[in-house]
Amino acid sequence: MRRFAALYQALDRNDRAVDVSLAFLHGIGIAWERHPSRDDLQPEYGRLWAHLEGADIDRLTHLPAMADPLHRATVDVLTAALAPFLLTDTQLFKLAICRIANLSMAHGNSDGSCIAYA
């Protein structure tokens, strides 16, 4: 999926990159809309703040590597889709950033974690 998203992005077909990314997410039980509302973002944003509550930011660098292949694949797809998401809908972009950060804090760091943390 990540490669399809990258291919569509290279072909300047961000709409298709968003479609294949959302299809992957839907296939693993994450049903996001192409244009989520602020209300759709709130639960993910709330989880982010819950993970950060009372936590030392330095602990993020000491998290183990993300081992679960499904979580790693999800972060990889979301990371590849960030630019098309941003060009499509800023709420969708924010939702992806929060999900990457939440997956990373709950299951360990992967290559995409640093983008979400930034």
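Please refer to the structure higher up on the page.
Cut-off values and rules
Residues numbered from 1 in each chain as written. Predicted model: local features only at pLDDT ≥ 70, side-chain atom pairs only at ≥ 80, totals over all residues. Heavy atoms only, no water. Helix = DSSP H or I, 4+ residues; strand = E, 2+ residues; numbered from the N terminus. Buried < 20%, exposed > 50% of the residue type's maximum accessible area, 1.4 Å probe, protein only. Areas by Shrake-Rupley, 256 points an atom, 1.4 Å probe, with all protein chains shown as cover. 1 Å grid on protein atoms, 1.4 Å probe; cavity = no way out; pocket = protein on both sides within 12 Å on 5 of 7 lines; lining within 4 Å. Points joined across faces, edges and corners; volume = space filled by probe spheres on them. Nonpolar A, V, L, I, M, F, W, Y, C, P; charged D, E, K, R; others polar. Axes fitted to C-alpha atoms, helices over the stretch in contact; angles between N-to-C directions. Parallel < 35°, antiparallel > 145°, perpendicular 65-115°, else oblique. Left-handed = near helix turned anticlockwise from the far one by under 90°. Contact = heavy atoms within 4.5 Å. Core = buried A, V, L, I, M, F, W, Y, C linked by side-chain atoms within 4.5 Å. Salt bridge = Lys/Arg side-chain N within 4 Å of Asp/Glu carboxyl O.

The helix and strand inventory of the chain stands at six helices and zero strands. Starting at the N terminus and ending at the C terminus, the chain contains elements arranged as α-α-α-α-α-α. Within the chain, buried positions represent 40% of all 118 residues. In the structure as shown, the chain presents an accessible area of about 6,700 Å², 57% of it carried by carbon and sulfur atoms.

Looking now at the layout of surface pockets. Size it by volume and the largest pocket reaches roughly 170 Å³. Contributing to the lining of the largest pocket are Leu48, Leu52, Ile57, Leu60, Ile97, Cys98, Ala101, Met105, Ala116, Tyr117 and Ala118. The set of elements that each furnish at least two residues to the lining of the largest pocket consists of α3 (38-52), α5 (90-107) and α6 (113-117). Grouping the constituent residues of the lining of the largest pocket by class yields eleven nonpolar, no polar and no charged.

Moving on, we get to the packing of α3 against α5. One way to put it is that α3 packs onto α5 with a least axis distance of 9 Å and a crossing angle of 30 degrees. As the angle between them shows, α3 and α5 are arranged roughly parallel. Our pair here, α3 against α5, has a crossing hand that is left-handed. Together, Arg38, Asp40, Leu41, Glu44, Tyr45, Arg47, Leu48, His51 and Leu52 of α3 and Gln91, Lys94, Leu95, Cys98, Arg99, Ala101, Asn102, Met105 and Ala106 of α5 make up the contact between the two elements.

So, on to the packing of helix α4 (residues 69-88) against α5. Close contact between α4 and α5 brings their axes to 9 Å; oriented N to C, the two are set at 155 degrees. If you check the angle between α4 and α5, you find them roughly antiparallel. Classified by chirality, the crossing of α5 by α4 is left-handed. On α5, the residues touching His71, Thr74, Val75, Leu78, Thr79, Leu82, Phe85 and Leu86 of α4 are Thr90, Leu92, Phe93, Ala96, Ile97, Arg99, Ile100, Leu103 and His107. Residue composition of the contact of α4 with α5, grouped by class: eleven nonpolar, five polar and one charged.

Leu22, Leu25, Trp32, Leu78 and Phe85 are the most contacted members of the largest nonpolar core, which has 27 residues in total. Elements with a contribution of two residues or more to this core: α2 (14-27), α3, α4 and α5. Beyond its immediate stretch of four places on either side in the chain, Leu22 contacts Trp32, Glu33, Arg34, Phe85 and Leu92.

The next point concerns the pattern of salt bridges. With the rule as written, the count across this model stands at four salt bridges. Between Arg47 and Glu44 there is a salt bridge whose closest N-O contact spans 2.8 Å. With Arg47 and Glu44 both in helix α3, this residue pair falls three residues apart, about one helical turn. For Glu44, a relative accessible area of 3% puts it in the buried group.

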